[in-house]
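Fold and geometry: a report
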Amino acid sequence: MRGDNYLHKGRRKQLVEYLFSKGITDAKVLQAIGSVPRHLFMESIFEDFAYEDRAFPIAASQTISHPSTVAEQSSLLKVEENQKILEIGTGSGYQTCVLMAMKAQVYTIERQKDLYDFSLKIFKKLNVSPKFQSFGDGFVGLPSFAPFDRIIVTCGAESLPVQLLKQLKVGGFMVIPLGPEDNQILTRFYKKDETSFEKEEFGLCKFVPMLKNVNL
Ligand code: SAH
């Protein structure tokens, strides 16, 4: 079985130093990235490059995001201990583990069955568990568990998934790549009250598309 040895730990430390040099200063984010063994979330052929700032293919033609993207989204989310976070797009489960390492209670949804199954296994292997893990359509969110302190969307939405904003607590943040596939903008919404939001934009980004319904 693949493990986590001193070489991986050393490379992870260098990745954390790199992210810090690129302006990621949230200590909780850096500590989490320094603790989650990213190489175990991807195929072994990519293992030597797992701590470079690169995205890699995972099952179902999806990708594990760049570490800098995970770090930026996690920073923008302003996570506090024990907060309830809804994550759309479990994917490999890497971002989920980073949020759990930040001591959040994560509720996560994935629409690709292969990835849902993969992430179940890796969470078990790493002995961690999200509060709730769903095979479903993130556009719907998880109304029965709402409201959430934070919502993170790790796929690009052409238009705003309004159901998700409804499931955000007043005073909460949602971070989402928004816009057409070739012009997605990393966007943060702050819910001021039940009907009004503040919107901030953080530049262009590139995520796999947010798609409707599930894929068995
Ligand atoms: N955070 C992941 C990134 C995975 S890529 C990681 O760290 O590996 C984005 C993921 O969003 C893909 O797995 C894709 O299948 C998923 N996705 C796309 N549309 C979705 C939807 N409507 N509901 C849930 N997941 C969705």
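Described in the following lines is the structure provided in the data block.

Cut-offs used in this document
The residue numbering used here restarts from 1 in each chain and proceeds along that chain's sequence as written. Local features in this predicted model are restricted to residues of pLDDT 70 or higher, and side-chain atom pairs are both shown and tallied only at a pLDDT of 80 or more, whereas totals for entire chains, interfaces and linings draw on every residue. To obtain the side-chain values, all non-hydrogen atoms of the structure were used and water was disregarded. A run of H or I in DSSP counts as a helix once it spans at least four residues, and a run of E counts as a strand once it spans at least two, with each numbered from the N terminus. How far a helix is expected to stretch is found by multiplying one less than its residue total by 1.5 Å. Under the scheme applied here, a residue whose accessible area is under 20% of the maximum for its type counts as buried, over 50% as exposed, and between as partly exposed, the area being computed with a 1.4 Å probe on protein chains only. In this description, one arc is meant: the one made by directions from the helix axis to the C-beta atoms. Note on definitions: angles span 0 to 180 degrees between N-to-C directions of axes, and those axes are lines fitted to C-alpha atoms, for helices only across the stretch in contact. Any angle between 65 and 115 degrees counts as roughly perpendicular, while under 35 counts as roughly parallel, over 145 as roughly antiparallel, and the rest as oblique. Rotating anticlockwise by less than a right angle from the far helix to the near helix defines a left-handed crossing, while the corresponding clockwise rotation defines a right-handed one. What makes two residues a contact is simply this: any of their non-hydrogen atoms within 4.5 Å. In this description, strands pair whenever DSSP reports at least two bridges between them. A cutoff of 4 Å decides nearness: a residue is near a molecule or strand if any of its heavy atoms lies inside that distance of it. For this analysis, a polar contact is any N or O atom pair within 3.5 Å, provided that within protein one partner can donate a hydrogen and the other can accept it, and provided that sequence-adjacent residues contribute only side-chain to side-chain pairs. The accessible surface values rely on the Shrake-Rupley method and a 1.4 Å probe; as for residues, cover is taken only from the protein chains in view. Note that Gly is not counted as nonpolar here; it falls among the polar residues with everything else outside the nonpolar set of Ala, Val, Leu, Ile, Met, Phe, Trp, Tyr, Cys and Pro and the charged set of Asp, Glu, Lys and Arg. His is not counted here, nor are the chain ends, while Lys and Arg score as positive and Asp and Glu score as negative. Each salt bridge in this description consists of a side-chain nitrogen of Lys or Arg and a carboxyl oxygen of Asp or Glu lying within 4 Å of one another. Orient the strands so they point away from the viewer, and a crossover whose first-strand-to-second-strand path over the helix runs clockwise is right-handed.

In this section: helix α1 (residues 6-21). Compared with the 22 Å implied by 1.5 Å per residue over 16 residues, the 23 Å span of α1 between its first and last C-alpha is a close match. For α1, the complete set of buried residues consists of His 8, Arg 12, Leu 15, Val 16 and Leu 19. All buried residues of α1 project into a common sector of 100 degrees when viewed along the axis, lining one side. Exposed and facing more than 90 degrees away from the buried side of α1 are Tyr 6, Lys 13, Gln 14, Phe 20 and Ser 21.

Below, the discussion takes up the packing of α1 against helix α2 (residues 27-35). Relative to each other, α1 and α2 sit at 155 degrees, their axes nearing to 8 Å. What the angle tells us is that α1 and α2 run roughly antiparallel. When the axes of α1 and α2 are compared, the crossing they make is right-handed. Residues Arg 12, Leu 15, Val 16, Leu 19 and Phe 20 of α1 touch α2, and the partners they reach there are Leu 30, Ile 33, Gly 34 and Ser 35.

Moving on, we get to the pairing of strand β8 (residues 184-193). Regular strands place side chains that alternate from one sheet face to the opposite one. Relative to β8, strand β7 (residues 168-178) runs antiparallel, the two sharing 6 bridges. When the sheet's bridge partners are listed, Pro 177 is paired in β8 with Leu 186. The loop that links β7 with its antiparallel partner β8 comprises 5 residues; one of these, Gly 179, has a positive phi angle of about 125 degrees. Taken together, the 8 bridges between β8 and strand β9 (residues 196-205) define a ladder with antiparallel strand orientation. Pairing of Phe 189 across the sheet is with Lys 199, part of β9.

Here we come to the site of the ligand. Surveying the vicinity of the ligand reveals 26 residues, the closest of which are Ser 92, Glu 110, Asp 137, Gly 138 and Leu 211. The side chain of Ser 92 places a nitrogen or oxygen atom 2.7 Å from an oxygen atom of the ligand. In this structure, Thr 154 approaches the ligand through a side-chain N or O atom, which is 3.4 Å from a nitrogen atom. Look at the ligand: alone it shows 580 Å² of surface, and the protein chains cover 99% of it. Among the elements of the structure, β2 (62-64), α4 (94-101) and β4 (105-110) are those that each provide at least two residues to the shell around the ligand. Broken down by element, the shell around the ligand gets its largest block of residues, 3 residues, from β2. Here the residues of the shell around the ligand are counted per class, giving 11 nonpolar, 12 polar and 3 charged.

Relative to the elements of secondary structure, Lys 84 occurs in strand β3 (residues 84-88). Buried charge without a partner: Lys 84 forms no salt bridge, and the closest opposite charge is Asp 149, 6.9 Å away. Within polar-contact distance, the side chain of Lys 84 engages the backbone oxygen of Pro 147 at 3.2 Å.

Summarising burial for β4: 5 of the 6 residues are buried, a large majority. Inspection of the sheet shows β3 paired to β4 by 5 bridges, in the parallel sense. Across the sheet, Ile 85 pairs through a bridge with Val 106, a residue of β4. As a crossover connection, the stretch from β3 through α4 into β4 is right-handed. Both β4 and strand β5 (residues 132-135) contribute to a ladder of 4 bridges, which runs parallel. Residue pairing across strands places Thr 108 opposite Gln 133, the latter belonging to β5.

What follows concerns the pattern of salt bridges. Opposite charge on two side chains permits them to pair, given that their charged atoms come into close proximity. What the rule picks out here adds up to 11 salt bridges. Ionic pairing is found between Arg 2 and Glu 47, a salt bridge with its closest N-O pair at 3.0 Å. Taken together, the positions of Arg 2 in the segment before α1 and Glu 47 in the loop between α2 and β1 (56-58) put the pair 45 residues apart, joining distant regions of the chain. A salt bridge links Asp 149 to Lys 169; its shortest N-O distance comes to 3.0 Å. Placement of Asp 149 in strand β6 (residues 148-153) and of Lys 169 in strand β7 is noted, with a sequence separation of 20 residues between them. Since its relative accessible area comes to 14%, Asp 149 is described here as buried. On the basis of relative accessibility, which here comes to 32%, the residue Lys 169 falls in the partly exposed class.

Geometric values such as these leave the question of function open.
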